[in-house]
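Architecture and fold: a report
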Protein chains: 2
Amino acid sequence: MQAAELDGLLVTSEQHVRYFTGFVSQFWASPTRPWFVVVPAKGALVAVVPEIGGPGMAATWIEDVRTWPAPVPDDDGVSLLADAIIETTGPTGCIGAELGPEMVLRMPVNDFERVRDLIKPVTVGDGTQVLRQLRGVKSVAEVAKIRHVCEIVSDAFEALLDKLRAGMNEWEASRVMRIDVLERGADSSPYMMGVAGAGGYDNIIMGPTNRVIKNGDILILDTGTTFDGYYCDFDRNYAFGAPDEDAQRAYDIVFQATEAGLAAARPGATTTDLWRAMNEVLEAGGALSNNVGRLGHGLGMQLTEWPSNKTGDDTELLPGMVLTIEPGMEFKPGQMMVHEENIIVTEDGCELLTRRAPDEMWLID
Amino acid sequence: MQAAELDGLLVTSEQHVRYFTGFVSQFWASPTRPWFVVVPAKGALVAVVPEIGGPGMAATWIEDVRTWPAPVPDDDGVSLLADAIIETTGPTGCIGAELGPEMVLRMPVNDFERVRDLIKPVTVGDGTQVLRQLRGVKSVAEVAKIRHVCEIVSDAFEALLDKLRAGMNEWEASRVMRIDVLERGADSSPYMMGVAGAGGYDNIIMGPTNRVIKNGDILILDTGTTFDGYYCDFDRNYAFGAPDEDAQRAYDIVFQATEAGLAAARPGATTTDLWRAMNEVLEAGGALSNNVGRLGHGLGMQLTEWPSNKTGDDTELLPGMVLTIEPGMEFKPGQMMVHEENIIVTEDGCELLTRRAPDEMWLID
């Protein structure tokens, strides 16, 4: 914070409130009430939260918990928050907020502007860089949770070989997987994307639908499943009946691109290097395009986190960063192949958190 | 929009993009890329979306779909969006945005401010009131989805009588219910809150935990489960072994408060009337407090929506509004009892969408 010339941070989003306080609740699903935590550069944190959350927040390590009887649209914590910020920054300081890329301020913009007026001459700066640096490198405890959910889901993907069959629709296939990961001890499965297509799928974000899976289809299942608030994010491909030569070749190229990504991931390399290593294999393999915009990303309390494996991102990899390696390509018009694994960057390379996909596509007979 | 002096609306959040376009994707779980839809007071909608979402958006009824190769933090749709707004409003108009209570602008605040600068002298106004009015009254198709998920979950709550047993922990009880609603055809269960306590639970938002449920406990399960993008939101209470007199009495009072809420819900009454009808029963029954801040709320594409059943809210009920009736009270220090049902306001009263809770607490022997 000192380097960023900030006297403190204001955080409003579920993951940042959880990161600093340990407060865990599904109640974030209700958009009605804002929650605020002020994190000073030096000194004790202040939580300004709805009355309904007061006891829960007081049960965390935070001692200074202030509440109001939310919802009160006329002053939903605004004046309490302004006071807490000024106490933290002093009369002329600067508070950093969630203002930059991939950040969403989880409070009404009108209220944010009222807070900004009330705290003047204290100013609001951009806390994005500080938050990225803090969250980008995971602790041993964080990695253990991600590793655990990666193991659960690796098991479930393998077990699915016995449960999938032609004639199911995409919803049914996704539901079988969602139920299985819960039975294996995952907490929830907010992202369970299933798309199938003849010889290859044409997208990786619009499923599942009621489309019935037929022989000759390839199905991709891609899941963000959680354990104790931490995500895995990886996919597997299933061929219904022997895949044709083009699909087999695409699978092999993307598998090799994954290998290239795994080999390139080490401290000192950048996300641009990672992208280049994978992209060279994809281009040599005849990739037509890739509308995903990147070949992997950070992973942790959110399904996708900073940074992006993308040319020009140029983020230096550090030990403890958790990333997805996610090469993909359109190998024929309207037919895609995407692989994804999760890794942690180690002192001298990287380690897989997921059980590596098979080198030949899984077959459902 | 004319009444609000707006030439169009800019929407950025999952539910508003879905409401206007029909675009459904789980990909919103990734916070990396912003999505924009401009809804003119008159004329055709414009979608400005990441390339990865272009084909999916083009498959909706929207014809004007503009994309960029997101993520591009330097200009993540900002200039495309500014152009689309100016085309919609004309050179001196006003565009309404999600700025007010219960609204979150799902884009970086820094980018919002850049858009606001780029479109000058076009101004940004508050679209909250227009969005509330549109979404507050549900269509027949919307109600059918909510009714369907209410039926699934009503069945699951009853079936749970045979599946719960002392010795399970809160997580296990919640997981059994979550799996059961999926098996019955729900799409997902983002909110599955389970909390138990001896003689009564002390909160309704901090579970589930690993606390083992014992004889003498009361367990509340409260779920926001979805079907085709629409939520139910209701709870049920289970006594493990015969509940003591205080808990039985509290159950009865809150049951009667629900009856009073159901009787008061009709067109022309307000949310304040609803609150008063329930609150009178709770106060007469000796309620110590209620930190929830209201006794129910709107329901639909979100777990909780405007309005709030609360003194001073004063929203007039209209046929087609879907609401929760949610009386609750602390009946002894640290012991709460909360009931919840879902209703639709009809021409001359209201209709239950949930199967009414039993008039005596369900008993797990």
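In what follows, the structure referred to is the one given above.
Residues numbered from 1 in each chain as written. Chains lettered and ligands numbered in written order. Predicted model: local features only at pLDDT ≥ 70, side-chain atom pairs only at ≥ 80, totals over all residues. Heavy atoms only, no water.

Okay, the overall build of chain A next. Counting its secondary structure elements, chain A contains nine helices and 18 strands. Split into buried and exposed, the 365 residues of chain A put 62% on the buried side. Intrachain contacts of chain A at a sequence separation of at least 6 include 68% that bridge at least 24 residues. Of the roughly 13100 Å² that chain A leaves accessible, carbon and sulfur atoms contribute 50%. (Helix = DSSP H or I, 4+ residues; strand = E, 2+ residues; numbered from the N terminus. Buried < 20%, exposed > 50% of the residue type's maximum accessible area, 1.4 Å probe, protein only. Contact = heavy atoms within 4.5 Å. Areas by Shrake-Rupley, 256 points an atom, 1.4 Å probe, with all protein chains shown as cover.)

In this section: the interface of chain B and chain A. Accessible area lost upon the coming together of the parts is a frequently used measure of interface size. Listed by partner, the interface residues are 65 residues for chain B and 65 residues for chain A. For the chain B and chain A pair, buried surface summed over both sides reaches about 5200 Å², with 57% attributable to carbon and sulfur atoms. In this structure, the connection of chain B to chain A is made through four salt bridges. We note a salt bridge from B:Arg116 to A:Glu113, for which the minimum N-O separation is 2.8 Å. Linking chain B to chain A there are 32 residue pairs in polar contact (both at pLDDT 80 or more). (Buried area = accessible area lost by both parts, 1.4 Å probe. Salt bridge = Lys/Arg side-chain N within 4 Å of Asp/Glu carboxyl O. Polar contact = N/O pair within 3.5 Å; in protein donor to acceptor, adjacent residues only side chain to side chain.)

Below, the discussion takes up the relation of the copies chain B and chain A. Screw-axis analysis of chain B against chain A gives a translation of 0.0 Å along the axis, an RMSD of 0.0 Å, and a rotation angle of 180°. Both copies are brought into coincidence by an operation consistent with a two-fold rotation axis. For chain B, the residue whose C-alpha comes nearest the rotation axis is B:Ile179, separated from it by 2.9 Å. Of the interface residues in chain B, 100% have counterparts in chain A that sit at the interface too, so the contact is made through matching surfaces. (Least-squares fit on C-alpha atoms with pLDDT ≥ 70 in both.)

Another point: the pattern of salt bridges. This model, assessed by the stated rule, comprises 40 salt bridges over all chains. Its salt-bridge partner being B:Arg236, residue B:Glu341 comes within 3.0 Å of it at the nearest N-O pair. Note that B:Glu341 is positioned in strand S16 (residues 341-345) and B:Arg236 in strand S10 (residues 234-240), a separation of 105 residues in sequence. Neither residue differs from the other here; B:Glu341 and B:Arg236 are each classed as buried. Salt bridges here are not isolated pairs; linked through shared partners, they connect A:Arg236, A:Glu259, A:Glu341 and A:Arg356.

With that out of the way, let us pick up the sheet that holds strand S4 (residues 64-68) of chain B. Residue and element names in this part refer to chain B. Read across the sheet, six strands follow the order S4-S3-S2-S1-S5-S6 without closing on themselves; strand pairing throughout is mixed. The open sheet is flanked by S4 and strand S6 (123-126), the only strands paired with a single partner. On average, each strand axis in the sheet is tilted by 25° relative to the strand beside it, whichever way the strands run. Relative to S6, strand S5 (residues 94-97) runs parallel, the two sharing four bridges. Within the sheet, the bridge partner assigned to Ala-97 lies in S6 and is Asp-126. Along the sheet, helix H3 (residues 78-89) makes contact with strand S1 (8-11), strand S2 (36-40), strand S3 (46-50), S4 and S5, crossing S2 at roughly 5°. (Pairing = 2+ DSSP bridges. Axes fitted to C-alpha atoms, helices over the stretch in contact; angles between N-to-C directions.)

Turning our eyes to something else, we now look at the sheet that holds strand S2 (residues 36-40) of chain A. Residues and elements named next belong to chain A. On the basis of which strands lie adjacent, the open sheet formed by six strands has the order S4-S3-S2-S1-S5-S6 and mixed pairing. Both outer strands of the open sheet, strand S4 (64-68) and strand S6 (123-126), are each paired with one neighbouring strand and no more. Strand-to-strand twist in this sheet, taken as the mean axis angle between neighbours without regard to direction, amounts to 25°. The pairing of strand S1 (residues 8-11) with S2 spans four bridges and is antiparallel. Across the sheet, the residue bridging to Gly-8 is Pro-40, located in S2. Sitting on the sheet, helix H1 (residues 14-21) is in contact with S1 and S2, with an inclination near 130° to S1.

We now examine H1(A). Every α-helix winds through 3.6 residues per turn, so residues three or four apart in the chain are directed the same way. All names here are of chain A. Buried residues dominate H1, accounting for six of its eight residues. Considered for burial, the residues of H1 that qualify are Gln-15, His-16, Val-17, Arg-18, Phe-20 and Thr-21. Just downstream of H1 lies Gly-22, where phi reads positive at about 80°.

Before going further, it helps to examine the packing of aromatic side chains. We describe a pair of aromatic rings using the distance from one ring centre to the other and the angle between the two ring planes. The final tally for this structure, using the stated rule, is 12 aromatic pairs over all chains. Ring geometry for A:Tyr19 and A:Phe20: centres 5.3 Å apart, planes at 90°, overall edge-to-face. Geometrically, the ring pair formed by B:Tyr238 and B:Trp362 is stacked, given 5.4 Å between the ring centres and 25° between the ring planes. Of this pair, B:Tyr238 sits in strand S10 while B:Trp362 sits in strand S18 (residues 362-364), placing them 124 residues apart in sequence. A relative accessible area of 0% means that B:Tyr238 is categorised as buried. An aromatic cluster is built from A:Phe23, A:Trp28 and A:Trp35, whose rings are joined through pairwise contacts. Across from the ring centre of A:Phe255, 3.9 Å away, lies the NZ or CZ of A:Arg356, which sits over that ring. (Phe/Tyr/Trp six-rings, centres within 6.5 Å; stacked < 30°, edge-to-face > 60°. Lys NZ or Arg CZ within 6 Å of the ring centre and 35° of its normal.)

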